[in-house]
Amino acid sequence: MIAKLLSFSLKNRLFVFITFLLIIAAGIQSFRQLPVDAFPEISPTQVKIILRAPGMAAERVENQVTHPIETELLGIPNQTILRSTTKYGITSITLDFEEGTDIYWARQQVAEKLAALRDALPAGIQGGLAPMSTPLSEMFMFTVENPDLTLSEKRHLLDWVIRPALRTVEGVADVTNLGGKVRTFQFSPDPIKLSEAKVSLDTIKTRLEEANQVGNLGRVTLGTETFSARVSGRIVELNDLAALSVENANGDIYRLEQLGEVSLSYLPRFGAITKDGQEAVEGLVVGLKGANAAAVVASVKDKLTQLQSSLPQHTDINVFYNRKGLIDTAIAGISDALMESIVLVIAVLVFFLRNIRASILVSLSIPIAALITFICLRQIGLSANLMSLGGLVIAIGMIVDSSVVITEKVETELNSEKNLPILHKIYRASLSVAPSVVSGTIIIVLVFLPLLTLTGLEGKLFSPVALTIVIAIAASLVTALTLIPALASLMMRPNKRRNKMLERLQASYRVILNSALTHKPLLITGFVVLFGLSALSFIMVGKTFMPTMDEGDIIVQFEKAPTLSLSESIAIDTQVENALLEQVPEIKQIVARTGSDELGLDPMGLNETDVFMELKPRDEWRFDNKQALIDAIREVVSGYPGMNVNVTQPIQMRISEMLTGSTGAVSIKVFGDEMDTLAGLTDEIVASARDVEGAVDVQASVITGAQFLSIVPDMQKLNYYGISKRAFSEFIHSQLSGYSVSEAVNGRIRTPIVFGSQSERSGYQAVTRLNSLTIIAEQGKAVPLSEVATISFEQGPAIIERENSHRYALITTNVENRDVVGFVNELQSQIEKQVELPAGYFVEYGGEFENQARASANLLMVIPVALLLIVILLFTSMGSLGLTAIVLTNIPFALSGGAISLWISGQYMSVPASVGFIALMGVAILNGIVMVSHFEQTKIHFSHLPSLVIAGATDRLRPVLITAITAIFGLIPLLVSTGPGSEIQRPLAAVVIGGLVTATLATLLLLPALYQITNRKHYHEQ
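Residues numbered from 1 in each chain as written. Predicted model: local features only at pLDDT ≥ 70, side-chain atom pairs only at ≥ 80, totals over all residues. Heavy atoms only, no water.

Participant: Where do I start with the side chain of Thr-479 in this structure?
Facilitator: Summarising the element assignment, Thr-479 is placed in helix 15 (residues 456-491). Judged by relative accessible area, Thr-479 falls into the buried class, the value being 0%. With sequence-adjacent residues up to four places away left out, Thr-479 is seen in contact with Phe-20, Ser-365, Ile-368, Ile-372, Ile-484 and Pro-485. (Helix = DSSP H or I, 4+ residues; strand = E, 2+ residues; numbered from the N terminus. Buried < 20%, exposed > 50% of the residue type's maximum accessible area, 1.4 Å probe, protein only. Contact = heavy atoms within 4.5 Å.)

Participant: Can you help me understand the packing of helix 21 (residues 675-690) against helix 25 (residues 820-834) in this one?
Facilitator: Geometrically, a packed helix pair is captured by the angle between its two axes and the distance between the axes. The interhelical angle for the contact between helix 21 and helix 25, taken along N-to-C directions, is 135°, at an axis separation of 9 Å. The orientation of helix 21 relative to helix 25 falls into the category oblique. Like other packed secondary-structure pairs, helix 21 and helix 25 cross with a definite hand, here right-handed. Contacts between helix 21 and helix 25 pair Glu-684, Ile-685, Ser-688 and Ala-689 from the former with Leu-827, Gln-830, Ile-831 and Gln-834 from the latter. (Axes fitted to C-alpha atoms, helices over the stretch in contact; angles between N-to-C directions. Parallel < 35°, antiparallel > 145°, perpendicular 65-115°, else oblique. Left-handed = near helix turned anticlockwise from the far one by under 90°.)

Participant: Would you mind going over the packing of helix 10 (residues 323-353) against helix 11 (residues 356-363) with me for this structure?
Facilitator: At a minimum axis distance of 9 Å, the contact between helix 10 and helix 11 shows a crossing angle of 145°. Our pair here, helix 10 against helix 11, has a crossing hand that is right-handed. Contact residues: Ile-346, Leu-349, Val-350 and Leu-353 in helix 10; Ile-356, Ala-358, Ser-359, Val-362 and Ser-363 in helix 11. Partitioned by chemical class, the residues of the contact of helix 10 with helix 11 number 7 nonpolar, 2 polar and no charged. (Nonpolar A, V, L, I, M, F, W, Y, C, P; charged D, E, K, R; others polar.)

Participant: Can you walk me through helix 1 (residues 2-11) in this structure?
Facilitator: Of the residues making up helix 1, those classed as buried are Leu-6, Ser-9 and Leu-10. Angularly, the buried residues of helix 1 cover 95° about the axis, an arc narrow enough to put them on a single face. Away from its buried face, by an angle of more than 90 degrees, helix 1 presents the exposed residues Lys-4 and Lys-11. Against the buried residues of helix 1 lie helix 2 (13-33), helix 14 (422-448) and helix 15. (Arc of directions from axis to C-beta.)

Participant: Is there a simple way to explain the packing of aromatic side chains in this structure?
Facilitator: Aromatic ring pairs: the centre-centre distance and the angle between the two ring planes describe each pair. Counted by the stated rule, this structure contains 13 aromatic pairs. Plain terms: the ring middles of Phe-671 and Phe-842 are 4.9 Å apart, the flat faces sit at 10° to each other, and that makes the pair stacked. Here Phe-671 is found in strand 20 (residues 666-671), whereas its partner Phe-842 is found in strand 30 (residues 842-847), with 171 residues between them in sequence. On the accessibility criterion, Phe-842 (39% relative accessible area) is partly exposed. Chaining the aromatic ring pairs together yields one cluster made of Phe-320, Tyr-321 and Phe-612. A cation over a ring is seen here: Arg-52 above Phe-270, with NZ or CZ 3.9 Å from the ring centre. We note Lys-669 situated over the ring of Tyr-808; from NZ or CZ to the ring centre the distance is 5.2 Å. (Phe/Tyr/Trp six-rings, centres within 6.5 Å; stacked < 30°, edge-to-face > 60°. Lys NZ or Arg CZ within 6 Å of the ring centre and 35° of its normal.)

Participant: How should the environment of Val-393 be read in this particular structure?
Facilitator: By the element assignment, Val-393 lies in helix 13 (residues 386-414). Residues Val-393 and Ser-403, spaced 10 residues apart in sequence, show a C-alpha to C-alpha distance of 17 Å. In this structure, Val-393 is in contact with Ile-334, Ala-337, Leu-338, Ser-341, Gly-970 and Leu-974, ignoring residues within four places of it in sequence.

Participant: Sorry, what's going on with the sheet that holds strand 24 (residues 749-755) here?
Facilitator: Strand pairing in a sheet relies on backbone hydrogen bonds, with the paired strands running either antiparallel or parallel. On the basis of which strands lie adjacent, the open sheet formed by 4 strands has the order 12-7-24-23 and mixed pairing. At either margin of the open sheet sits one strand with a lone partner, and together these are strand 12 (260-266) and strand 23 (739-746). Put simply, the sheet's adjacent strands are angled 25° from each other on average, direction ignored. Sheet topology places strand 23 next to strand 24; 7 bridges connect them, and they run antiparallel. (Pairing = 2+ DSSP bridges.)

Participant: In this structure, what is going on with a nonpolar patch on the surface? I would like to understand it.
Facilitator: There is a patch of nonpolar side chains on the surface, built from Val-350, Ile-356, Ile-360 and Leu-364 and spanning about 300 Å² of accessible area. Mapped onto the elements of the fold, Ile-360 is located in helix 11. (Patch = residues over 30% accessible without salt bridge, like charges linked within 9 Å, V, L, I, M, F, W, Y side chains within 5 Å. Areas by Shrake-Rupley, 256 points an atom, 1.4 Å probe, with all protein chains shown as cover. Salt bridge = Lys/Arg side-chain N within 4 Å of Asp/Glu carboxyl O.)

Participant: I would appreciate a short explanation of the pattern of salt bridges in the present structure.
Facilitator: Side chains that differ in charge, positive against negative, can pair when their charged atoms come close. A full pass over the atoms with the stated rule returns 20 salt bridges. Between Arg-807 and Glu-62 there is a salt bridge, with its nearest N and O atoms 2.5 Å apart. Residue Arg-807 is located in strand 29 (residues 806-815), and its partner Glu-62 is located in helix 3 (residues 58-73); the two are separated by 745 residues in the primary sequence. In this pair, the class of Arg-807 matches that of Glu-62, namely buried. In this structure, Asp-276 engages Lys-275 in a salt bridge whose closest nitrogen and oxygen atoms are separated by 3.2 Å. The partly exposed category is assigned to Asp-276, whose relative accessible area is 24%. By relative accessible area, Lys-275 is classed as buried at 17%.

Participant: Please explain helix 27 (residues 881-888) as it appears in this structure.
Facilitator: Along an α-helix, a turn takes 3.6 residues, which lines up residues three or four apart on a common side. Among all positions in helix 27, only Leu-883, Thr-884, Ile-886 and Val-887 are buried. One side of helix 27 holds all its buried residues, which, seen down the axis, span an arc of 160°. Here the buried face of helix 27 lies against helix 26 (848-878), helix 28 (890-905), helix 29 (911-938) and helix 32 (982-1014).

Participant: Would you explain the nonpolar core in this entry?
Facilitator: The nonpolar side chains of a soluble globular protein tend to be buried, and buried together. Counting residues in each nonpolar core, the largest one holds 196 residues, and the members touching the most others are Phe-142, Ile-162, Val-300, Phe-448, Phe-462 and Tyr-1011. At 19 residues, the largest contribution of residues to this core is made by helix 15. Setting aside anything within four residues of it in sequence, one finds Phe-462 in contact with Met-387, Leu-451, Leu-454, Met-546, Val-911, Pro-912, Val-915 and Ile-984. (Core = buried A, V, L, I, M, F, W, Y, C linked by side-chain atoms within 4.5 Å.)

Participant: When you look at the pairing of strand 16 (residues 554-559) in this model, what are you seeing that I'm missing?
Facilitator: Side-chain direction in a regular strand flips from residue to residue, so the side chains alternate between the two faces of the sheet. The buried fraction of strand 16 amounts to 6 of the 6 residues, a majority that puts the element mostly inside the structure. Because side chains alternate across strand 16, one face comprises the buried residues Ile-554, Val-556 and Phe-558, and the other comprises Ile-555, Gln-557 and Glu-559, equally buried. The pairing of strand 16 with strand 18 (residues 608-615) spans 6 bridges and is classified as antiparallel. Paired with Ile-555 across the bridge in strand 18 is Phe-612.

Participant: Where do I start with the environment of Asp-673 in this structure?
Facilitator: Mapping Asp-673 onto the fold places it in the loop between strand 20 and helix 21. Asp-673 has contacts with Arg-807 and Tyr-841, leaving out every residue within four places of it along the chain.

Participant: Help me understand the pairing of strand 7 (residues 183-189), please; the structure alone is not making it clear to me.
Facilitator: Within strand 7, 6 of the 7 residues are buried, which leaves it mostly tucked inside the rest of the structure. Here 7 bridges tie strand 7 to strand 12, and the two strands are oriented antiparallel to one another. Residue pairing for strand 12: Phe-185 is matched across the bridge by Leu-264. Relative to strand 24, strand 7 runs parallel, the two being bridged by 3 bridges. If you follow Gln-186 over to strand 24, its bridge partner there is Val-754.

In structure tokens:
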């Protein structure tokens, strides 16, 4: 088949050229259309439910809402984990499904289960499925700035002008509005006036609901035309609400403003936004799952530019987070590395080949393989991101291998004295090395296949790397067997010029190799010692899951006392913000999010704050590195005791929350039933964790200590006065916070009509006044609240977290200046010694440690299978177990150099480093095949074994060096790069570069010696 392909390509050169021109055009078009993002899509198939239960304590929400829903959801097939977080008035339930589960099917299953439970849930439950987005969907954040507008006016502008426009942008799932005050029309009933007018609360509530309905009464025909009849009278303005008439049982009519206060107010606030120490209003653009992040952000910016002219004067859209900034920086960095790799590889080719035509011929395989890769990525649905483009950079050195071997052999054949046509010489030369090229390429593909079996976050990140490498190398093989021979027939000619540099290199190599073959025991001993040193280095190297990528911006998370009010929480936040801006000049601006929005899509408590810090350019910093800046920020925050503090980054925070429900590098989950017992255990574990070297930002969720106002009705007295339990609950709700009963519609603007009092506008929130409240009974009779209910304070859980329907308490910690695996091992030992767990309680460790353990287990299981397939392939192509063993000898010594370089560079053993070791195996085996197969091809010409070995090894010196050095030079840009994503690529580059040095030495020195040892019996030594 290979012979037929080569023959066809040389006989039909015009067809081959046109085909590749079409491929190049398709590749360029695919590259232009390829979605661009900083990361591949890493989220699992995940469905989230957000339900708000106004006024309900966490334990009651758990019992009446969370637990029934979890019980129902556990019956859905293909799920992997079910987590929930329950707080005062809200529950967030997250359901993860197995990889490959259709997201629409998953959402349908959850929606059906939730719909079936709706009637069984308490009255007043709001919410449902969250938008179909991912933790990486937060693409664009901005604040609305205008010194002439109030917070309420800014929020109104965001709600009804900016948000509707941005939601029309393709790829936008939703726009979440945060902060400010949502305007409402409010009626606050006056119990005394209601009693005098003998009007009950139910009567007013019913009148409000009826008055805002517009009914269609049918049609009226007048002549040839038909008209619909309807009743108008919807509430549009505040005056319409004030003028609303209410009739009592005696037929007396009152205007609503006569029975209480009608005013402009705002919805109860569950959170706030502060910017640089002042309250603000924020818009957050959430992209659809799978959307082209770069295109979405660009479209959002264009839409905001179009809107600018329609906004009030002096309005400014202050963008403080733009995913495209990270994308541009990351893609620019990896693109620069790609271009630098290509230039360095071409320079190596020119240096070794010393033939401009041959160098151009080989270099063509790089852009062609890259364009074919872009076509495939487009068809598969992958984006151009750090990982896929990083895979292309890794493959650059390997892309040219097939073309180098064929071109080098063609050049040698053309310079021979054989009197044959050029096409015949090219065919013979290509065919002689094609089998080894094909088998070597297949082996490299087999080596990278284990990466496609990775699951979880590591699978999402490194599957694109493996796919890109496999596609690029396969494309280079096809190019080498079709286009390269065809072009060689036009470009390559006999070249009688001597390559003096190569001759000097070969002469020096023959001297070294002859000495090595003379002292084989010493040579083998040296490599064994090298392997021993590498084993020691590997033991000394720490282990972690993934290096942390520098996203540029910083988020500091605060968790304060659970009983803190929103106003007090904001006051603390503004103090910290002002201190940070004053003492850390590297911070450009700060936007802090406290609590959640009105819908509770990010269910944070009033005591929780995410402080987003946009930083100035690096050249304006006082510090040499980001860690020093983080230390300075921690020092400022440490001046405000009593808070849990965690330092993270925007994407890193969302990824951690997605995977483990926590935001630290290491999470410790203590499972059990009793909240007080869990709280005591978390305190002990926190104390133990803080004693472990490398622990920073150690914190435990504040799960107890929340205070609740308990209002217990006396049912006998309620029945005596004719007050229903529902009416009692609605009265308390109306007096403490108010609730929406309808909407006033004015064009596209909808204003909630709230029945009751807002806490910040009335004195009813004060506990001392609760007993003086009066509740309106039947016929408008006023009854003191203290007569029908007992009011007291109670304590309960602040937050209840559950996993697969089991309660747990969460402790998180970040790790600095130490590997995660070593840290967790010491932490486990410390906790086992110092913390005694009661019966029925147990501890699980998660976060990066869990991911690293899973990735290592997967690789240890599938790599041996891949190696077995490689052994079978080698044996099939070589027909000898001895030759197969010689080639495989290259692997341990390639890994040796990788382990030593990892230790020298100070990197940890991580998933990227594992990818580097996998790449090393492929290159090492390929070089071994090139060397050993040449010995076998030329042995019939030699009767003296040492002469065969020296001559054969000398002949293969150039392709072996080109293969190794192109791979090394191709990875140097990744080793020295400093942009976003370089942290992930650097361990991989260090491993491959170090391993290629030792692998090349083993190929050039050890393999010839082993070949000579194993083939002595076939030769008679002179």
